[in-house]
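# Architecture at a glance
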Amino acid sequence: MAENKKETGKNDAGKEAVLPPKSEFSEWFNSIIDIGQIMDVRYPVKGLYVWYPFGFGIRKRVYNIIRDVMDNSGHEETLFPLLIPETEFMKEADHIKGFEDEVFWVTHGGVTPLDVRLALRPTSETAIYPMYQLWIRSHADLPLKLYQVVNTFRHETKHTRPLIRLREITSFKEAHTVHATWDDAKNQVDEAVGLYTDIYRQLSVPVLISKRPDWDKFPGGDYTIALDTIMPDGKTLQIGTVHHLGTNFAKTYDITYENAEGEQEYANQTCYGISERSIAALISVHGDDKGLVLPPAVAPIQVVVIPVLFKDTTEAVMKACNDVVESLRKTGLRVEMDASDMRPGAKYYKWELKGSCLRIEIGPRDLEKNSAVLVRRDKGEKQFVSLDGIAETVGAELKQMADDLYTTAEEKMNAMIVPCETVEEVVAQIGKGVATLPWCGCEECGMKIEEETNGSILGTPNLETEIKKGKCPGCGKEADQTVYIAKMY
Ligand SMILES: Nc1ncnc2c1ncn2[C@@H]1O[C@H](COS(=O)(=O)NC(=O)[C@@H](N)CS)[C@@H](O)[C@H]1O
Ligand SMILES: [Zn+2]
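About the cut-offs
Residues numbered from 1 in each chain as written. Chains lettered and ligands numbered in written order. Predicted model: local features only at pLDDT ≥ 70, side-chain atom pairs only at ≥ 80, totals over all residues. Heavy atoms only, no water. Pairing = 2+ DSSP bridges. Helix = DSSP H or I, 4+ residues; strand = E, 2+ residues; numbered from the N terminus. Contact = heavy atoms within 4.5 Å. Axes fitted to C-alpha atoms, helices over the stretch in contact; angles between N-to-C directions. Salt bridge = Lys/Arg side-chain N within 4 Å of Asp/Glu carboxyl O. Parallel < 35°, antiparallel > 145°, perpendicular 65-115°, else oblique. Left-handed = near helix turned anticlockwise from the far one by under 90°. Nonpolar A, V, L, I, M, F, W, Y, C, P; charged D, E, K, R; others polar. Phe/Tyr/Trp six-rings, centres within 6.5 Å; stacked < 30°, edge-to-face > 60°. Buried < 20%, exposed > 50% of the residue type's maximum accessible area, 1.4 Å probe, protein only. Patch = residues over 30% accessible without salt bridge, like charges linked within 9 Å, V, L, I, M, F, W, Y side chains within 5 Å. Areas by Shrake-Rupley, 256 points an atom, 1.4 Å probe, with all protein chains shown as cover. Near = heavy atom within 4 Å. Polar contact = N/O pair within 3.5 Å; in protein donor to acceptor, adjacent residues only side chain to side chain.

Ordered by their spatial adjacency, 11 strands build an open sheet running β3-β7-β8-β14-β11-β10-β9-β22-β23-β21-β20, and the pairing between neighbours is mixed. Looking at strand neighbours, the two that pair on one side only are β3 (76–77) and β20 (417–419), the edges of this open sheet. Inspection of the sheet shows strand β9 (residues 208–211) paired to strand β22 (residues 456–461) by two bridges, in the antiparallel sense. Paired with K211 across the bridge in β22 is T460. Running over the sheet, helix α9 (residues 277–286) touches β10 (223–230), β11 (236–246) and β14 (268–274) and is turned about 145° from β11.

Moving on to the pattern of salt bridges. It is possible for side chains bearing opposite charge to pair when their charged atoms get close. For the structure shown, the criterion picks out 23 salt bridges. As a salt-bridge pair, E478 and K471 come within 2.8 Å of each other at their nearest N and O atoms. Bridged by salt links that share partners, the residues K290, E352, R359, E361 and K382 form one connected network.

Here we come to the packing of helix α10 (residues 314–330) against helix α13 (residues 390–415). Interhelical geometry of α10 versus α13 gives an angle of 60° and a closest axis separation of 9 Å. Here α10 is positioned oblique relative to α13, judged by the angle of their axes. The crossing of α10 and α13 is right-handed. On the side of α10, the interface is formed by V324, S327 and L328, while α13 contributes I390, A391 and V394. When the residues that make up the contact of α10 with α13 are grouped by side-chain class, the tally is five nonpolar, one polar and no charged.

Next up on the list: the packing of aromatic side chains. Tallying each qualifying case throughout the model produces 14 aromatic pairs. Ring centres of Y129 and F249 lie 5.4 Å apart, and the angle between their planes is 80°; on these two criteria the pair is classed as edge-to-face. With Y129 in helix α6 (residues 125–135) and F249 in helix α8 (residues 248–253), the pair connects residues that are 120 residues apart, well separated along the chain. Take Y129: its relative accessible area is 0%, and that puts it in the buried class.

Strand pairing within a sheet occurs via backbone hydrogen bonds; the two strands may be parallel or antiparallel. Strand order in the open sheet formed by three strands is β4-β6-β5, and the pairing between neighbours is antiparallel. In the strand order of this sheet, the two ends are held by β4 (83–85) and β5 (104–109), each with one partner. In this sheet, adjacent strand axes meet at a mean angle of 45° when their direction is disregarded.

The subject of this paragraph is the packing of helix α2 (residues 25–35) against α9. Where α2 meets α9, the axes come as close as 11 Å, and the angle between the chain directions of the two elements is 120°. The two elements α2 and α9 cross, and the hand of that crossing is right-handed. Taking contact as the criterion, the partners of F25, W28, F29 and I32 in α2 are, on α9, A280, I283 and S284.

This paragraph deals with a nonpolar patch on the surface. Judged by side-chain polarity, Y43, V45 and V50 come together as a nonpolar surface patch covering roughly 230 Å² of accessible area. Checked against the element boundaries, Y43 lands in the loop between β1 (39–40) and β2 (50–51).

Next up on the list: the site of ligand 1. Looking at ligand 1, there are 21 residues lining it, with T123, E125, E156, Q238 and T241 nearest. R277 has a polar side-chain atom sitting 3.4 Å from a nitrogen atom of ligand 1. When isolated, ligand 1 has an accessible area of 600 Å², and the protein chains bury 96% of it. Among the secondary structure elements, those contributing two or more residues to the shell around ligand 1 are β8 (168–179), β11 and β14. Classifying every residue of the shell around ligand 1 gives eight nonpolar, seven polar and six charged.

As C-alpha cells, this is what we get:
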C-alpha cells in the first residue's frame, strides 16, 4: 500500500511539511525526498517509487557521470532482457540461495500459465552468462567488458525506503566482465574499485573501501570489495560493490575459451554494481537544515539570479540580470532568474531548498558599483563580485564548491571512524559512526563480535592500512587484521 503519511513528508493535517532539522536524519530524509521533489512515495506498490522530474534531473546527471567513467575505461553499454527463465536462474546453487527469497516471478501470459516461470531480474548474471557462453570462443574475445543501466527487482523484506532500499531498483548499473585468468579478473576488480572511487569523487562523496567478510560476499562469488559511506545518523550505506566471481559462474554456464596453446579453459569473471543509493548518499552527505546541497555537476539549477527591484530602477536592474543570465548560459551553466514578486526571504528559502549552488543578487546599489552579490549554497556568506567577467568568476566558484564539498564531507567521515580495542568501546561508537577493532580473521570470532556489539562487520580495509596492534576480542589471540564495524542500512 502507499507509504504512510510520515514517508510522504506530509504532516497529519496533510499540509506542506516544513523540513525537519538534519539532526533528525530519518525524518529529514523522508521529508527532503518529498518536498525536495525527488521521488513520490505514494505509488500503490510497496518499495516502488516515482521519480519527480526534478529528482530525475539529478539522476540523469549522476548517470551521465557513471556512463562517462564506464565508457572511458574500455566498457561497452548494452541491454539484456528483464525476464529470466527459471531453468537458467536455478543453475548456480549459491546464487539461488542468495536470491531465492527475493525474486519476483511471472507465471502467466494473460490467462495462460507459462510452462517455465520467468524471474524478474534481481541482477543479471543468469540472463547474461548464457549469452556469454555463446559469444566467447577464444582468448582473442577477452577481456569482454559490458555494462547496462536497468531496473532490477528484489522482494526486500527489510524496511523499504526511496533511493535506499527499493523493491524496484530503478537505476541499477551493473557491469559484467570476462577474463582469461584469475589475476586478470583481480586486476579488473581493482580497476573497478578505482572507477567507483572516481565516480564518488565527482559526486563529492567520500567512501570507505573494505573487503567484505566471506559470510557477506556476493552469492556465487569468490570475494567482494565494497564501497560504503557514513550517513549523518552514523549508519553506513553500501553504495557500490565489486565482486570477483572466479570461474564459479563459468563452470555453471560453461563459459570456456581456447587459450593460446589451443586448450579449452574456463573464463574468470567479475561483476560490479551501483544503484540510486549513489543519489541517496550525495543528498544525505551534503544536505543541511535548509534542504538540498547539490554538487554543481549534478544540480539541475546551478545558479539563480535574483533582481532586487525598486520602482524607479526596475528596468536597469532587469537588464543587468538578463545580461548575466545570458552570459552564464552561454558557458553552458544551468541558470534560472527569479523576478517573481515573492519576498526575498521566501525566494532564498525556495532556491536553497532545491539545492541551487549559487545565488546572484543585483540591485540598484550593486549596479552603481558594477557589481553583484554572490552567495554560495554550502557556505552561505555574501561575496561582492564585479559584473565584468562574472561567468569566469561563477565557473571558478562552482569548481571550488565541488572541491570544498568533498573536503568537508571527507573530514566529517574520517572523524566518524574511531579505533577501538574492546567490545564495550565498539558498542559506544557504532550508531555514531564506524569502529575499527583488532581481529584474528576467523569467522567464529567475527560472528561473536557482531553478536556482542550488535553491529555488522563491514570488512577489512582494502588498502594496506596499518594493522591495529592488539588482541582479538573474540579469542584473545594477537590480531593480524583490523576490521570495520558499524550499523548498516
Ligand atoms: N534494494 C536495493 N535498493 C537500492 N540499491 C540496492 C538494493 N540492493 C542492492 N543495492 C545496491 O546495488 C549494489 C549492487 O548490488 S549487489 O547485490 O551488491 N551486487 C550485484 O547485484 C552484482 N550483480 C553486481 S552488479 C549494492 O552495492 C547496493 O549499493
Ligand atoms: Zn579471534
